[in-house]
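Residue-level structure breakdown
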Amino acid sequence: MKKPILILMLVCFSLMFGSAGMALEVDFNGEYYIEGIYNSNPNLADTDLAQYYRQMRLRVQTEFKVHENLKLTTRFDALEKVWNTSDSAFFQSNDEENIDFDRAYMTIISKIGLFQLGRQEGVTWGTTWADDEDDTDRFKYVLPLDAAGGKLIFALIAEKTTDNDTDPTITSGKDNDKYYFG
């Protein structure tokens, strides 16, 4: 699954960068937050020491629009840290990296449907409440049908959620691949 997606991404990049005379539009959006907890008296005793925790994150999503039917979307987190440490705010490990790329995928709109190829939001199963989301290597094909006034959509999704092969010399097929049809 990884090799076909990589080959398709290389083809898309070569088409994107090989096209002469096309304008490039770039859109940025994202968020920056600081959050924390300060507890000055956790046990309501005079000898209690204050406890505090603060963290921050800058998340930036960019969309490079090469053509109205071709765009590259990336998302990265920067400065995702617990204050006064080098620890990551979410993984509680010694993380000296400053920028962590989460997603990068191409969106191609063609006459036969929409294709999204690359690392994108995956493992979603339905509602926004209690949905389990992760970044996965994914191929998505979407085709709106003329039936029901264009509100009927055909979709195929293939994604690799984890790579469980521990020995690179043996292809045991222990990967966690998921396939959706809807």
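Attention in this report is confined to the structure presented alongside it. (Residues numbered from 1 in each chain as written. Predicted model: local features only at pLDDT ≥ 70, side-chain atom pairs only at ≥ 80, totals over all residues. Heavy atoms only, no water.)

**Comments concerning the sheet that holds strand 8 (residues 176–181)**
Here we have 8 strands laid out as an open sheet, ordered 1-2-3-4-5-6-7-8, and antiparallel in their pairing. Each edge of the sheet is formed by a strand with only one pairing partner; in this case those strands are strand 1 (25–39) and strand 8. Shown here is a sheet whose adjacent strand axes are inclined to one another by a mean of 10°, direction ignored. Pairing analysis gives 9 bridges linking strand 3 (residues 70–82) to strand 4 (residues 99–110), with the strands arranged antiparallel. Paired with Leu 70 across the two strands is Ile 108, which belongs to strand 4. (Pairing = 2+ DSSP bridges. Helix = DSSP H or I, 4+ residues; strand = E, 2+ residues; numbered from the N terminus. Axes fitted to C-alpha atoms, helices over the stretch in contact; angles between N-to-C directions.)

**Describing unusual backbone geometry**
For Leu 44, which is not a glycine, the phi torsion comes out positive at approximately 55°. One non-glycine residue, Leu 79, lies in the positive phi region at around 55°. By secondary structure assignment, the location of Leu 79 is in strand 3.

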